Amino acid sequence: MDWQASEDTVPSAPISEADARLLRARPPATGAWRDGDPAGDRRFALLGAFRTENGESLPFARLAYESWGELNAAGDNAVLVLHALTGDSHVRGEAGPGHPTDGWWDGIVGPGAAIDTDRWFVVAPNMLGGCQGSTGPASIGPDGREWGLRFPYLTIRDQIAAQASLADTLGIDRWAAVVGGSMGGMQALEWGVTYPERVERLAVLAAPPTTTADQVALNSVQLEAIRIDPRFAGGEYYDAADGDGPHRGLALARRMALLNYRSPVELNLRFQRSWQSDVSPLGGGGRFAVESYLDFHGNKFTRRFDANSYLTLVEAMNSHDVGRDRGGVEDALARVTARTLVLGIDSDRLFPVEGQERIFRGIRTTQDDELVVISSDFGHDGFLIETDAVTAHLRRLLED
């Protein structure tokens, strides 16, 4: 659950008036990728009918994905990279037609990088329920209308079931590695538990074994921010004109989330009590710089995401409990047979290190004698920003 775009993962900095002017145009009703938009580097895997854990059905499902490198003749060099809540398949590459942002992990995936595309065949799907090419609430349903709130409830296990179908479509019986951070780390963990025979190596970065009550509570206020926006219109907003969609609720949800992705240390050091302009925020009508910063990123987010998809994916995060119907967390983790890297961030207030510690203790095939903890001022987003540290640990996992 993170910023998921390189321009959003640089160290926090005050927003200039020029930055703010870029977003003065009215936002679209949805920032989802729609059929007819430029495909960019996306490919599409057609999965056919899909049945969820709850017994609901999608008569047709697809996953958008991107890939780099080549699958070898033995089919044993494939690496699955899983994005976080607001991410997509565009792991590397520049922004351009079809891709509103630069790749979110350019420093980690590429020729000679930690996940070396000269060696590995790297596959990155947009998760089921997402809004960047995979089937989700903004997709057209069988009646010719967007699914909206009619879209089935999804769990993390539903999402990896769709990814397993993608692997089958691509002819991949066993992943050389499954790598994910945040929500992608939840999915990676589920891969290791649900399909141990299909995963050789596993990297779980800044993710918990379960979504706790505290985390569900934080998510609930974000969901309500979207639902109470009058322009959300019960999820039926896709025909609204620019500026008439639920952008205020979605931007507010994003602002709330950002406060959990970064650390107090970073925000305090970078912004302190500085003003956005010469106009005083102390009764003079001005604003603090950190307020403008949050507004800017909230508004920017509405240009590339869909409100209904945000609801669907956050509720899927709330479903996460690797021990559900498996005898508890420890029994579930004992199923993992992959050589596993578990990594936490010392300043992470969204998914604190004690969650990764529990995962580390439960998996019997970890590559390290103790949990890997990165020291960072950047909080949860450290797994995106601390490229050198993450690179070093992924190299150890993949080069062994």
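The model shown is predicted, which means the values in this text are computed figures rather than measured ones. (Residues numbered from 1 in each chain as written. Predicted model: local features only at pLDDT ≥ 70, side-chain atom pairs only at ≥ 80, totals over all residues. Heavy atoms only, no water.)

As for the pairing of strand β1 (residues 43–51)
Reasoning step 1: One ladder, built from seven bridges, connects β1 with strand β2 (residues 57–68); its direction is antiparallel. Bridging from a neighbouring strand, phenylalanine 50 pairs with leucine 58 of β2.
Reasoning step 2: Between β1 and β2, which pair antiparallel and follow one another directly, the connecting turn spans five residues, one of which, glycine 55, has a positive phi of 90 degrees. (Pairing = 2+ DSSP bridges. Helix = DSSP H or I, 4+ residues; strand = E, 2+ residues; numbered from the N terminus.)

What about helix α4 (residues 213–227)?
Count 3.6 residues to each turn of an α-helix, and residues three or four apart come out pointing the same way.
Reasoning step 1: In this model, α4 (15 residues) spans 21 Å end to end at C-alpha, consistent with the 21 Å of a helix rising 1.5 Å per residue.
Reasoning step 2: Within the span of α4, buried status applies to Gln215, Asn219, Gln222, Leu223, Ala225 and Ile226. Down the axis, α4 shows its buried residues gathered within 155 degrees of arc, on one side only.
Reasoning step 3: Contact partners of the buried residues in α4: α5 (247–261) and α8 (307–318). (Expected span 1.5 Å × (residues − 1). Buried < 20%, exposed > 50% of the residue type's maximum accessible area, 1.4 Å probe, protein only. Arc of directions from axis to C-beta. Contact = heavy atoms within 4.5 Å.)

Looking at the nonpolar core
Reasoning step 1: Counting residues in each nonpolar core, the largest one holds 45 residues, and the members touching the most others are Val123, Leu128, Trp175, Val178, Trp191 and Leu202.
Reasoning step 2: Considering every element that reaches this core, the biggest residue donor is helix α2 (residues 156–170), with five residues.
Reasoning step 3: Here valine 178 is in contact with Leu80, Leu82, Ala188, Trp191, Val199, Arg201, Leu202 and Ala203, once residues within four sequence places are set aside. (Core = buried A, V, L, I, M, F, W, Y, C linked by side-chain atoms within 4.5 Å.)

Points about the confidence of the model for the protein chain
Reasoning step 1: For the protein chain, per-residue confidence averages 91 on the pLDDT scale, and 93% of positions sit at 70 or higher.
Reasoning step 2: Low pLDDT (under 50) marks residues 1–11, which in the prediction has 65 contacts with non-local residues, meaning those over four places away or in another chain. (pLDDT = per-residue confidence, 0-100.)

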